[in-house]
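So you can see what is in the structure, the chains are spelled out below.
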Amino acid sequence: MSKRNTPQRRHTILALLAEQGEVSVDALAQHFATSEVTIRKDLAALEKNGLLLRRYGGAVPVPQELISEPTQPISPYKQAIARAGVARIREHARIIIDSGTTTAAMIPQLGYKPGLVVMTNSLNVANALRDIEHEPVLLMTGGTWDPHSESFQGQVAEQVLRSYDFDQLFIGADGIDLERGTTTFNELLGLSRVMAEVAREVIVMVESDKIGRRIPNLELPWSSVHTLITDERLDAQAAEQIRARGIQLILAALEN
């Protein structure tokens, strides 16, 4: 295969891995009629993106404990918020999608936005991006796996992020403190703050029942947030407080 077919070859490698449970460098080289050096480069790139783990002479799937499978259907409110988020993305934009169910709900709709570059710290997001039309350029932070947030965190991930700049960050929250900003149960706050630093627009996506929820750990202060997307259930007083802080507030409507 020519270099133009590299993405296709790597897709096929992942399909073979899913089917066989493991793959070897020499067998893949024979299958694609290419060199073992080329296959090793493919496996290195796929591992860097969190899509497999290399082993001596080949590769194996990412362990299941590192992959969060959805256990409940996505609520219509999250779907509405996701649609409103995708509507703000321009073609060929460079975006960050943080881990979380609300942000992940955006993925099926991103296929209508060609030329995207997407950075994420979530294996779920990365895997979902491979299945959409107009598959974006995928970047992953790498770093240390945090089972609480089901994402990669830590200094390595922060250093990778600081090597780029982005148009938008799409990020969720465990709660919205109307006085302070976004809050979280997770004590690993550094990566979220770096994501906000390297993005020109920070878009927080939460269902309205999280607004007013007070959680000790402040993740992003209001000064770091540009836009908040929530659903139409938000009460008028809370909406007024958010707008008073200079935040663009979007109330996503359910589909009829």
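Residues numbered from 1 in each chain as written. Predicted model: local features only at pLDDT ≥ 70, side-chain atom pairs only at ≥ 80, totals over all residues. Heavy atoms only, no water.

- Naming follows an unreviewed UniProt entry, where the protein chain appears as Transcriptional regulator, DeoR family of Ectopseudomonas guguanensis.

**Let's talk about unusual backbone geometry**
Then, number 1: One non-glycine residue with positive phi stands out, namely Ala33, at about 55°.
Then, number 2: With respect to the helices, strands and loops of the structure, Ala33 is situated in the loop between α2 (25–32) and α3 (36–48).
Then, number 3: Of note, the phi angle at His92 is positive, near 65°, even though the residue is not glycine. (Helix = DSSP H or I, 4+ residues; strand = E, 2+ residues; numbered from the N terminus.)

**Let's talk about the sheet that holds strand β13 (residues 217–221)**
Then, number 1: The strand order across the open sheet built from three strands is β10-β11-β13, with neighbouring strands paired in antiparallel fashion. The open sheet terminates on both sides in strands that have one partner only, identified here as β10 (175–177) and β13. The sheet shows a mean angle of 40° between the axes of neighbouring strands, direction not considered.
Then, number 2: Of the strand pairs in this sheet, β10 and strand β11 (residues 181–184) are connected by three bridges, and their pairing is antiparallel. Looking across to β11, one finds that Gly175 is bridged to Thr183. (Pairing = 2+ DSSP bridges. Axes fitted to C-alpha atoms, helices over the stretch in contact; angles between N-to-C directions.)

**Describing the packing of α2 against α3**
Then, number 1: Running from N to C, α2 and α3 cross one another at 110°; their axes reach a closest spacing of 9 Å. Between α2 and α3, the interaxial angle falls into the category roughly perpendicular. In this structure, α2 meets α3 at a crossing whose hand is right-handed. On α3, the residues touching Val25, Asp26, Leu28, Ala29 and Phe32 of α2 are Glu36, Ile39, Arg40 and Leu43.
Then, number 2: Residue composition of the contact of α2 with α3, by class: six nonpolar, no polar and three charged. (Parallel < 35°, antiparallel > 145°, perpendicular 65-115°, else oblique. Left-handed = near helix turned anticlockwise from the far one by under 90°. Contact = heavy atoms within 4.5 Å. Nonpolar A, V, L, I, M, F, W, Y, C, P; charged D, E, K, R; others polar.)

**Considering the pairing of strand β4 (residues 94–97)**
Then, number 1: Taken together, the four bridges between β4 and strand β5 (residues 117–120) define a ladder with parallel strand orientation. The residue of β5 that forms the bridge with Ile97 is Thr120.
Then, number 2: Bridge count between β4 and strand β9 (residues 166–171): three bridges; the pairing is parallel. The residue of β9 that forms the bridge with Ile95 is Gln168.

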